[in-house]
Amino acid sequence: MTDITIYHNPDCGTSRNTLALIRNSGVEPNVILYLQTPPNRQQLQALISAMGISTRALLRKNVEPYEKLGLANESFSDEQLLQAMLNHPILINRPIVVSPLGTRLCRPSEVVLDILPDAQQGAFTKEDGEKVIGDDGKRRV
């Protein structure tokens, strides 16, 4: 059994599609509802490092605290941005998936296909109607 973890928000279509793609590979992942159980500082720093992205790249911009806190200002340090995400987990962009093949911010949801060890088991269509996986289990281009 493949060990995969998804930091998930069930209210987000991209997150739901990502979870469904993981399940379409025959794996039931460890689902962390990160708004209810947010990562701690060490976990969040480890995720950012494993993804190879900047702290700012993980920041959600289209949510209320972003504007209110003035986070668009480039003078905020990584430590300050990290603290803002710890104080307001809604600022953490999602979904984040951790698999044996890597850790990714899965936006768009198809990014997860790059780190799933197991092949897709059948066709998959995203919630918006976009067909991502054909009947043969192969990624559509």
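So, here's what we can say about the structure. Since we're looking at a predicted model, the values are computed, not measured.

### A closer look at the side chain of H8
1) Next: One can find H8 in strand β1 (residues 5–8).
2) Next: Residue H8 is classed as buried on the basis of its relative accessible area, which comes to 6%.
3) Next: There is a polar contact of 2.6 Å between the side chain of H8 and the side chain of S15.
4) Next: Setting aside chain neighbours within four positions, we find H8 in contact with S15, R16, L19, V31, I32, L33 and Y34.

### As for the nonpolar core
1) Next: Grouped together as the largest cluster of nonpolar side chains are 19 residues, with contacts concentrated most on L58 and L91.
2) Next: Mapped onto this core, the elements with two or more residues apiece are α2 (41–51) and α4 (78–87).
3) Next: Among residues more than four places away in sequence, those in contact with L58 are L44, I48, M51, I53, M85, L91, I92, N93, I96 and L105.
4) Next: Counting residues in hydrophobic clusters, the runner-up holds 16 residues, among them C106, V112, L113 and V132.

### A few points about the sheet that holds strand β3 (residues 96–99)
1) Next: Spatially, β2-β1-β3-β4 is the arrangement adopted by the 4 strands of the open sheet, whose pairing is mixed. Every interior strand has two partners, whereas the edge strands, β2 (30–33) and β4 (102–105), have only one. Strand-to-strand twist of the sheet, defined as the mean angle between neighbouring strand axes without regard to direction, takes the value 15°.
2) Next: Here β3 pairs with β4 via 4 bridges, running antiparallel. Across the sheet, the residue bridging to V97 is R104, located in β4.
3) Next: Across the face of the sheet, helix α1 (residues 13–24) comes into contact with β1, β2 and β3 while running at roughly 160° to β1.
4) Next: Sheet strands touched by α2: β1, β3 and β4. Its angle to β4, the strand with the most contacts, is close to 95°.

### Re the pattern of salt bridges
1) Next: Summed over all chains, the structure comprises 8 salt bridges.
2) Next: Put simply, K126 and E110 hold a salt bridge, and the shortest N to O gap is 3.1 Å. Of this pair, K126 sits in the loop between β5 (124–125) and β6 (131–133) while E110 sits in the loop between β4 and β5; the two residues are 16 residues apart in sequence, bridging distant segments of the chain.
3) Next: According to the relative accessible area criterion, K126 is buried, its value standing at 11%.

Cut-offs used in this document
Just so you know, the residues in each chain are numbered from 1, in the order the chain's sequence is written. The predicted nature of this model means local features are confined to residues of pLDDT at least 70 and side-chain atom pairs, given and counted, to a pLDDT of 80 or more, with totals for whole chains, interfaces and linings taken over all residues. As a convention, hydrogens and water are excluded, and side-chain values are obtained from all of the structure's heavy atoms. Secondary structure elements are defined from DSSP: runs of H or I of at least 4 residues count as helices, runs of E of at least 2 residues count as strands, and each element is numbered from the N terminus. Buried, partly exposed and exposed residues are distinguished by accessible area as a fraction of the type maximum, computed with a 1.4 Å probe on protein chains only: under 20%, between the cut-offs, and over 50%, respectively. Counted as a polar contact is a pair of N or O atoms within 3.5 Å, where, for protein atoms, one must be capable of donating a hydrogen and the other of accepting one, and residues adjacent in sequence contribute only when both atoms are in side chains. Pairs of residues are marked as contacts when any of their non-hydrogen atoms sit within 4.5 Å. Think of a nonpolar core as a cluster: buried Ala, Val, Leu, Ile, Met, Phe, Trp, Tyr and Cys residues, connected wherever their side-chain atoms sit within 4.5 Å. Any two strands are treated as partners once DSSP identifies two or more bridges connecting them. Interaxial angles span 0 to 180 degrees and are taken between N-to-C directions of axes, which are lines fitted to C-alpha atoms, for helices over the stretch in contact. Here, a salt bridge means any side-chain nitrogen of Lys or Arg that lies within 4 Å of a carboxyl oxygen of Asp or Glu.

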